[in-house]
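Working through the structure, step by step
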Amino acid sequence: MGRKRGLPIYLPVFALREPVECGCNFFELIEGEDESGGKYYVGRCVVQARYLTKSQVAECIKYWSKCPFLTIKS
């Protein structure tokens, strides 16, 4: 279990081992550190104010230009 900003993160579902880039302005990458001092990264959707699972991050990176939030928040 990791912690970032006081919120619990279940690392097997959310943690990315390498930093990623996404073209979406609403995608935020947060860096964290586990109990053993290893770095991990977690994707976060700013619009939904929530962390993204690893599979959701992959979808966000691939299809960010089709995200419905882009038209709503633009």
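Going by the structure above, here's the rest.
All of the points below concern the structure found in this document. (Residues numbered from 1 in each chain as written. Predicted model: local features only at pLDDT ≥ 70, side-chain atom pairs only at ≥ 80, totals over all residues. Heavy atoms only, no water.)

**A closer look at the overall build of the protein chain**
Along the backbone of the protein chain there are three helices and five strands. Scanning the protein chain from its N terminus toward the C terminus, one meets helices and strands in the order β-β-α-β-β-β-α-α. For the protein chain, with 74 residues in total, the buried portion stands at 34%. Counting contacts in the protein chain only where the partners sit at least 6 residues apart, residues at least 24 apart contribute 45% of the total. Summed over all atoms, the accessible surface of the protein chain reaches about 5000 Å², with 53% contributed by carbon and sulfur. (Helix = DSSP H or I, 4+ residues; strand = E, 2+ residues; numbered from the N terminus. Buried < 20%, exposed > 50% of the residue type's maximum accessible area, 1.4 Å probe, protein only. Contact = heavy atoms within 4.5 Å. Areas by Shrake-Rupley, 256 points an atom, 1.4 Å probe, with all protein chains shown as cover.)

**Section: the pattern of salt bridges**
Under the defined criterion, the tally for this structure stands at two salt bridges. Salt-bridge contacts for lysine 39 lead to glutamate 31; the nearest nitrogen and oxygen are separated by 3.4 Å. (Salt bridge = Lys/Arg side-chain N within 4 Å of Asp/Glu carboxyl O.)

**Some words on the layout of surface pockets**
It is a probe the size of a water molecule, rolled over the atoms, that shows where empty space is left. Of the voids in this model, the largest pocket is the one considered here, and its volume is about 250 Å³. Counting residues per element, the ones that place at least two in the lining of the largest pocket are strand S4 (39–45), strand S5 (50–52), helix H2 (54–63) and helix H3 (68–73). A per-element tally of the lining of the largest pocket places H2 first, with four residues. Its residues placed into classes, the lining of the largest pocket shows eleven nonpolar, two polar and four charged. (1 Å grid on protein atoms, 1.4 Å probe; cavity = no way out; pocket = protein on both sides within 12 Å on 5 of 7 lines; lining within 4 Å. Points joined across faces, edges and corners; volume = space filled by probe spheres on them. Nonpolar A, V, L, I, M, F, W, Y, C, P; charged D, E, K, R; others polar.)

**Points about the sheet that holds S5**
The antiparallel open sheet is built from three strands, whose spatial order is S3-S4-S5. The open sheet has two edge strands with one neighbour each: strand S3 (27–33) and S5. When the angles between neighbouring strand axes are averaged without regard to direction, this sheet yields 45°. Pairing of S3 with S4 involves seven bridges; the strand directions are antiparallel. The partner of glutamate 28 across the bridge, within S4, is arginine 44. Packing of H2 onto the sheet brings it into contact with S3, S4 and S5, and relative to S5 it is tilted by some 85°. (Pairing = 2+ DSSP bridges. Axes fitted to C-alpha atoms, helices over the stretch in contact; angles between N-to-C directions.)

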